[in-house]
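Breakdown of the fold
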Number of protein chains: 2
Amino acid sequence: MTTTTDRPAPTAGVTAPAGFRASGVTAGLKPSGRPDLALIVNDGPLQVGAAVFTTNRVQGAPVKWSRQVVSDGVVSAVVMNSGGANVSTGVAGFQDAHSTAERVAEALGVSAGDVVVGSTGLIGERLPREILLAGVDQAVAALSSDGGPAAAVAIMTTDTVPKTSEITIPGDAGAWTVGGMAKGAGMLAPALATMLCVITTDAVVDAELADQALRTATARTFDRVDSDGCMSTSDTVVLLASGASGVRPDPSGFLGAVESVCADLARQLVADAEGANHDIAITVNGATTEEAAVAVGRAVARSNLFKAAIYGNDPNWGRVLAQVGTVPESVAPFDPDDVDVTINGVQVCRSGAGYQDRSLVDLASQRLVTVLVDLHAGDAIATIWTNDLTHAYVTENSEYST
Amino acid sequence: MTTTTDRPAPTAGVTAPAGFRASGVTAGLKPSGRPDLALIVNDGPLQVGAAVFTTNRVQGAPVKWSRQVVSDGVVSAVVMNSGGANVSTGVAGFQDAHSTAERVAEALGVSAGDVVVGSTGLIGERLPREILLAGVDQAVAALSSDGGPAAAVAIMTTDTVPKTSEITIPGDAGAWTVGGMAKGAGMLAPALATMLCVITTDAVVDAELADQALRTATARTFDRVDSDGCMSTSDTVVLLASGASGVRPDPSGFLGAVESVCADLARQLVADAEGANHDIAITVNGATTEEAAVAVGRAVARSNLFKAAIYGNDPNWGRVLAQVGTVPESVAPFDPDDVDVTINGVQVCRSGAGYQDRSLVDLASQRLVTVLVDLHAGDAIATIWTNDLTHAYVTENSEYST
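Residues numbered from 1 in each chain as written. Chains lettered and ligands numbered in written order. Predicted model: local features only at pLDDT ≥ 70, side-chain atom pairs only at ≥ 80, totals over all residues. Heavy atoms only, no water.

This part is about the overall build of chain A. Within chain A one finds ten helices and 15 strands. Rg of the C-alpha trace for chain A: 21 Å, near the compact-globule value of 21 Å for 402 residues, within the 12% margin. Considered along the principal axes of its C-alpha atoms, chain A spans approximately 65 × 55 × 40 Å. When the accessible area of chain A is evaluated, it comes to approximately 13300 Å², of which 50% is carbon and sulfur surface. Averaging the positions of the 24 positive and the 44 negative side-chain charges in chain A gives two centres separated by 5 Å. (Helix = DSSP H or I, 4+ residues; strand = E, 2+ residues; numbered from the N terminus. Rg over C-alpha atoms; globule rule 2.2 N^0.38 Å. Areas by Shrake-Rupley, 256 points an atom, 1.4 Å probe, with all protein chains shown as cover. Lys, Arg positive; Asp, Glu negative; His and termini not counted. Charge placed at Lys NZ, Arg CZ, Asp CG, Glu CD.)

Residues and elements named next belong to chain A. Taken from the UniProt record, the annotation "binding site: substrate" (unreviewed entry) applies to Thr157, Lys183, Thr194, Glu274, Asn397 and Thr402. Within the secondary structure, Thr194 is located in the loop between β7 (176-183) and β8 (196-201). Looking at where Glu274 falls in the secondary structure, it is placed in the loop between α6 (251-271) and β10 (279-287). For Glu274, a relative accessible area of 9% translates into the label buried. (UniProt positions renumbered as here; feature names shortened; annotations may be inferred. Buried < 20%, exposed > 50% of the residue type's maximum accessible area, 1.4 Å probe, protein only.)

Below, the discussion takes up the sheet that holds strand β11 (residues 340-343) of chain A. All names here are of chain A. Across the sheet, six strands lie side by side as β13-β12-β11-β14-β10-β15; this open sheet has mixed pairing. The open sheet terminates on both sides in strands that have one partner only, identified here as β13 (353-354) and β15 (380-387). With two bridges joining them, strand β12 (residues 346-350) and β13 adopt antiparallel strand pairing. Counterpart to Arg350 in the pairing with β13 is Ala353. Along the sheet face, α6 touches β10, β14 (368-374) and β15 and points at about 40 degrees away from the line of β15. (Pairing = 2+ DSSP bridges. Contact = heavy atoms within 4.5 Å. Axes fitted to C-alpha atoms, helices over the stretch in contact; angles between N-to-C directions.)

With 55 residues of chain B at the contact, the number on the chain A side is 55 residues. Where chain B abuts chain A, roughly 4200 Å² becomes buried across the two surfaces, and 57% of that area is made up of carbon and sulfur atoms. The three residues of chain B that bury the most area against chain A are Arg57, Asn304 and Leu305 of chain B, which together make up 18% of that side's buried surface. Taken together, chain B and chain A are joined by two salt bridges. Asp337 of chain B is the salt-bridge partner of Lys64 of chain A, the closest N and O atoms lying 4.0 Å from each other. (Buried area = accessible area lost by both parts, 1.4 Å probe. Salt bridge = Lys/Arg side-chain N within 4 Å of Asp/Glu carboxyl O.)

This part covers the packing of aromatic side chains. Residue and element names in this part refer to chain A. What the rule picks out here adds up to four aromatic pairs over all chains. Here Trp65 and Phe94 contribute two aromatic rings whose centre-to-centre distance is 6.2 Å and whose plane-to-plane angle is 65 degrees, an arrangement assigned as edge-to-face. Of the two residues, Trp65 sits in helix α1 (residues 61-70) while Phe94 sits in helix α2 (residues 90-108), which places them 29 residues apart along the sequence. You can call Phe94 partly exposed: its relative accessible area is 26%. Look at Trp176 and Phe254: their rings are 6.0 Å apart centre to centre, the planes differ by 40 degrees, and that puts the pair in the tilted class. Taken together, the residues Trp176 in strand β7 and Phe254 in helix α6 connect sequence positions 78 residues apart. (Phe/Tyr/Trp six-rings, centres within 6.5 Å; stacked < 30°, edge-to-face > 60°.)

Across the chain, the bulk of peptide bonds are trans and the bulk of non-glycine residues have phi less than zero. Residue Pro45 of chain A is bonded to the preceding Gly44 of chain A through a cis peptide linkage, with omega at 15 degrees. Within the secondary structure layout, Pro45 of chain A lies in the loop between β2 (37-42) and β3 (48-53). Even without being glycine, Asn313 of chain A reaches a positive phi, approximately 55 degrees. Mapped onto the secondary structure, Asn313 of chain A falls in the loop between α8 (304-311) and α9 (317-324). The exposure class assigned to Asn313 of chain A is partly exposed, which follows from its relative accessible area of 30%. Phi at Ser88 of chain B is positive, roughly 60 degrees, even though this residue is not glycine. As for its position among the elements, Ser88 of chain B is in the loop between β4 (77-81) and α2 (90-108).

Right, let's get into the relation of the copies chain B and chain A. Each copy of the chain is related to the other by a rotation around an axis and a translation along that axis. For these two chains of identical sequence, chain B goes onto chain A by a turn of 180 degrees and a shift of 0.0 Å along the axis, with RMSD 0.0 Å. Taken together, these values place the two copies in the relation of a two-fold axis. Every residue of chain B has its C-alpha some distance from the rotation axis, and the shortest such distance is that of His391 of chain B, at 2.7 Å. (Least-squares fit on C-alpha atoms with pLDDT ≥ 70 in both.)

All names here are of chain B. Applying the stated criterion to the full structure yields zero disulfides over all chains. You can see Cys262 has no disulfide; the closest cysteine sulfur is in Cys197, sitting 5.5 Å from it. Here Cys262 falls in the buried class, since its relative accessible area comes to 0%. (Disulfide = S-S within 2.5 Å.)

All names here are of chain A. In terms of residue burial, strand β5 (residues 115-119) counts as a mostly covered element, since five of its five residues are buried. Residues Val115, Val117 and Ser119 point to one face of β5 and Val116 and Gly118 to the other, with burial holding for every one of them. The pairing of strand β4 (residues 77-81) with β5 spans five bridges and is parallel. Bridge pairing in β5 places Val78 opposite Val116. As a crossover connection, the stretch from β4 through α2 into β5 is right-handed. (Right-handed = clockwise from strand over helix to strand, strands pointing away.)

All names here are of chain A. Across the eight residues of α8, eight count as buried, placing the element largely inside the fold. Among the residues of α8, those classed as buried are Asn304, Leu305, Phe306, Lys307, Ala308, Ala309, Ile310 and Tyr311. Trailing α8 by a residue or two, Asn313 shows a phi angle of about 55 degrees, which is positive.

The subject of this paragraph is the domain arrangement of chain A. Residue and element names in this part refer to chain A. Split into domains, chain A comes out as domain 1 (13-271) and domain 2 (279-399). The C-alpha-based centres of domain 1 and domain 2 are spaced at 32 Å. Taking both partners together, domain 1 and domain 2 bury about 1300 Å²; carbon and sulfur atoms supply 40% of that area. The largest per-residue losses of area from domain 1 upon contact with domain 2 belong to Arg224, Asp226 and Val270, which jointly make up 50% of the total buried on that side. (Domains from an automatic or database assignment.)

Here the focus is the sheet that holds strand β9 (residues 236-241) of chain A. Residues and elements named next belong to chain A. Here five strands make up an open sheet; going across it, the order is β3-β9-β8-β7-β6 and the pairing mixed. Each having just a single partner strand, β3 and β6 (163-169) make up the two edges of the open sheet. With direction set aside, neighbouring strand axes in the sheet form an average angle of 10 degrees. Pairing analysis gives six bridges linking β8 to β9, with the strands arranged parallel. When the sheet's bridge partners are listed, Thr201 is paired in β9 with Ala241. Running at roughly 145 degrees to β3, α1 makes contact with β3 and β9 of the sheet.

Attention now goes to the pattern of salt bridges. Evaluation of the coordinates by the stated rule reveals 26 salt bridges over all chains. Between Asp96 of chain A and Arg126 of chain A there is a salt bridge, and its shortest N-O distance comes to 2.7 Å. Residue Asp96 of chain A is found in helix α2, and its partner Arg126 of chain A is found in the loop between β5 and α3 (129-141); the two are separated by 30 residues along the sequence. Of the charged contacts in the structure, one is a salt bridge between Arg367 of chain B and Asp279 of chain B, with a shortest N-O distance of 3.0 Å. One end of the pair, Arg367 of chain B, is in the loop between β13 (353-354) and β14 (368-374); the other, Asp279 of chain B, is in strand β10 (residues 279-287), with 88 residues separating them in the sequence. Under the relative-accessibility criterion, Asp279 of chain B is labelled buried at 1%. One salt-bridge network, in which partners are shared between bridges, spans Asp96, Arg126 and Arg129 of chain A.

Here it is as structure tokens:
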């Protein structure tokens, strides 16, 4: 499979900010023999960490482990593997995650309780512990201050391209940087995706600001990507702050930079969703609240019928309207007879009925489809991202584990 | 497209009970030239009627009209067309529905306010009124006491087979019958499907019992079919009682008979879902409440990943468990580490981890897939029906309107 967006090689990502080393190696967890183990180390001087995890009640062993790790706001390193999610693997699976953290901690001379673990891949299979631990040793040996791109490659599963991002903010007191990497393709859903993401920064921030910035940024970015409505058991987004720039940004500036990197990574996830031909941005305008706008956008994003129509290059506004109507009035007050729908610039529905001719809408030549739903009920707005439902999606997800 | 279930020609359906005439004719609404207009008349002596409709806030003109009709518990006739849903068609569309009822009423000598109208097909296009009204005249002329099968054919859209059902209950006071017909394939969702359904009975029942029986039966049958999670704008299920048998059944017996016919029709809808290779029955056992069981079953039924895996004949219990975990604890209390999953008789997951080898599960040779999820949290049980996600589903729904 090839991606339809031409992207350059991965950028520095997690090693763009000062104070970090990273590596990506081939431990041997994947039958394909591709890189499968990434390590990111925070060399300080600060060891601030925060994380958000899946809200799925079925959670991988690494998620259970890492929740404990981040609870004190201190994280020294993050180790992540592809080639197996370590979910539904019982007590032994939790011990595998624990042992992985222990091995990293020993090699780095830090506490195992400060090592976040993330895993992605199939559910229900144990990871081969000895292969994993030998891989950790390899990863430690390979650590370097320009290892970000290799780390981004090592966490890929069905991704066709690695995803990295970074932004540097200049200022009177000096510049500071936020970098990041993510993996995930398909199964992107609210409350995150089957997604592993590491955000790093050399800004001077405390654990409270790190946590607040990460929660706000993920709520507005990753949580609004809804590729196929499935919520993973392994989603983990970690933020590490080294303080190595010596610059303490104002909180809103820091939040903005973290959100910017998260938004860029989220956009890359959509562009690489499994088997998609179109990226679809559903913007709901004129809602009474942002929550109402999100609920309406998500309802549209969840419609297989609508997503299949877009695959057929059919601007089927009837299927949009039918989904808008499924949102309870208690969640999103609006009058169905006031709703407008505009697709790629053509207002195909006005006041709940057909308006401009749908044949005017060009979908066939566009990767990006913008759907604008105006509820005419208030001033709030939100955008949800999804993809079309294609034959390739069915192929990929019916053949993944067999 | 051919269906994989061999079904006989439609049975009597709505004309199985005494006191009804029906017809199905070709008005000319469908480009295919297939039958597209059905009429069902209740000749009494009773004219009891009840109905349930979609809960979508975007509703077709026929739904808006028919809600008023059934509000007094009296229905004389039902006219239903395929070839156009008459949704999002503005004031003119409502007038089309009204005019259709008027024409039926004039021809039959009844009140237009006692004529239910149902329409199915594309959203957003006006129906050609003159063709529709001429079709009504045809349908009236064609009415007969054995017209049930023709009516069942005339409401088909993407259905590959007409759906009819009937049951006769003997008793000391004499026998009484419940009959029915339905259309719908794909877009089957909670709060009904893109579905038109007419249930008839010659039992002596009042409007209150008719309404109660219909609501209870649809909640347990059609509402538990969740083919693709999309809720239609046109769903209509009507119950007509003629009283022609002279027998007044006990309420629980009546409810049971109506539910039996609804369950049979719902099962036929699943078997004919657009492009499906497998029918999937997800039974959730050991729930604290029936509502909890339904919520868990529905979460599994909504997973594109799970449904694509079944298409690939992969008994991917990890995707089942991942969906079970998305249900909030406030809705369904259970311990994720206690959950068992059995697929086609093989317990592939026990206490939240892999158990019997998934290669023991035979899916390839079976149309029916039974997924049993045991939450071990209580005594309640419920079954949700869905289908696998196939290439043919994508094809059919990406090419439907273009």
